[in-house]
Amino acid sequence: PPIVSSYDKQFVEQLKEFIPHLLETRFSGSGEAFSIDMNYEIWEHIIALNPKCIIMVQSNGTYLNARIKDVLSRGNFQIGISLDSLHKETFEAIRLNANFDRVMENIQYFSEYCKQKKERFSVSTCVMRQNWHELPDFMNFVNSIGALVTFHKVSFPIEHSLRNLPYQ
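Here's what I pulled together on the structure shown here.

Scoring rules and cut-offs
Residues numbered from 1 in each chain as written. Predicted model: local features only at pLDDT ≥ 70, side-chain atom pairs only at ≥ 80, totals over all residues. Heavy atoms only, no water. Buried < 20%, exposed > 50% of the residue type's maximum accessible area, 1.4 Å probe, protein only. Helix = DSSP H or I, 4+ residues; strand = E, 2+ residues; numbered from the N terminus. Arc of directions from axis to C-beta. Contact = heavy atoms within 4.5 Å. Pairing = 2+ DSSP bridges. Axes fitted to C-alpha atoms, helices over the stretch in contact; angles between N-to-C directions. Core = buried A, V, L, I, M, F, W, Y, C linked by side-chain atoms within 4.5 Å. Parallel < 35°, antiparallel > 145°, perpendicular 65-115°, else oblique. Left-handed = near helix turned anticlockwise from the far one by under 90°. Salt bridge = Lys/Arg side-chain N within 4 Å of Asp/Glu carboxyl O. Phe/Tyr/Trp six-rings, centres within 6.5 Å; stacked < 30°, edge-to-face > 60°. Lys NZ or Arg CZ within 6 Å of the ring centre and 35° of its normal.

## A word on helix α6 (residues 135–144)
Turning to α6, its buried residues number three or more, namely Phe138, Phe141 and Val142. Mapping the buried residues of α6 onto a view down its axis gives an arc of 90°, with all of them on the same face. α6 presents Pro136, Asn140, Asn143 and Ser144 as exposed residues on the side facing more than 90 degrees away from its buried surface. Summarising the contacts, the buried residues of α6 are in contact with α5 (100–117), β4 (121–127) and β5 (148–153). Phi turns positive one or two residues past the end of α6, at glycine 146, with a value near 70°.

## Regarding the sheet that holds strand β1 (residues 24–27)
Within the open sheet, the five strands sit side by side as β1-β2-β3-β4-β5. Their pairing is parallel. What marks the edges here is a single partner per strand, and that holds for β1 and β5. For this sheet the average axis-to-axis angle between neighbouring strands, irrespective of direction, equals 20°. Bridge analysis of β4 against β5 gives six bridges, and the strand direction is parallel. In the sheet register, cysteine 126 faces β5, and the bridge partner there is histidine 152. Contacts from helix α2 (residues 37–49) reach β1, β2 (54–59) and β3 (77–82), with the element oriented near 170° to β1. Set on the sheet, α5 makes contact with β3 and β4; between it and β3 the angle comes to about 150°.

## What to know about the nonpolar core
Counting 38 residues, the largest nonpolar core has Trp43, Phe77, Ile79, Leu83 and Phe121 as the members making the most contacts within it. For this core, the elements supplying multiple residues, two or more each, are α2, β2, α3 (66–74), β3, α5, β4 and α6. For this core, the element with the most residues is α5, which contributes seven residues. Apart from the residues lying within four places of it in its own chain, the contact partners of leucine 83 are Phe91, Val103, Met104, Ile107, Val123, Ser124, Thr125, Phe138 and Phe141.

## Focus: the packing of α3 against α5
Direction vectors running N to C along α3 and α5 enclose 15°, while the axes themselves pass 11 Å from each other. It follows that α3 is roughly parallel to α5 by the angle criterion. In this structure, α3 crosses over α5, and the sense of that crossing is right-handed. Residues Ile68, Lys69, Leu72 and Ser73 of α3 pack against Tyr109, Phe110, Tyr113 and Lys117 of α5.

## Considering the pattern of salt bridges
Summed over the entire model, instances satisfying the criterion amount to 10 salt bridges. Between glutamate 41 and lysine 9 there is a salt bridge, with the nearest N and O atoms lying 3.2 Å from each other. Taken together, the residues glutamate 41 in helix α2 and lysine 9 in helix α1 (residues 9–15) connect sequence positions 32 residues apart. For lysine 9, a relative accessible area of 57% gives the class exposed.

## Some thoughts on the packing of aromatic side chains
If you walk through the whole model with that rule in mind, you get nine aromatic pairs. Considering the side-chain rings of tryptophan 43 and phenylalanine 77, the 5.4 Å spacing of their centres and the 85° angle between planes classify their relative orientation as edge-to-face. Remark: phenylalanine 77 occurs in strand β3 and tryptophan 43 occurs in helix α2; sequence separation between them is 34 residues. With respect to burial, tryptophan 43 and phenylalanine 77 carry one shared label: buried. In this structure an aromatic cluster arises from ring pairing among Phe27, Phe34, Tyr40, Trp43, Phe77, Tyr109 and Phe110. Its guanidinium or amino end placed over the ring of tyrosine 40, arginine 67 lies 3.6 Å from that ring's centre, counting from NZ or CZ.

As structure tokens, this is what we get:
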């Protein structure tokens, strides 16, 4: 079921007094950042009140539309993309209901956006049993698009973790 936010319009209004003093903001860990309407309200306030503030967004890369392109064109955004695999079948098995080809197209767009704005672009992956063997190709890919890379270890669920793989 949809997650009910504990934040409301009053919360966004309360942020206004702090926004002029911010150097950087981060939007991650609450689902897909580009699918949350309240984020756009906050970003609009940041753009209006403190246009130099860095707005770091961590995305799964599944969303890219006119609304996103518009706000990116007006704000000081840095983008991070979570990428589960470089292989369509593996990717779509890990990230259910996601379209690998669309995500890869979106990654190219976000990469070019960051290059043009001279902003940091990063790609992260959760290293797990399904994708560990792709790490060399993953490094080549992120280097080819000029991205920074972050690897996250997966501990749970244990059947996805590298932790208890047999030694060879």
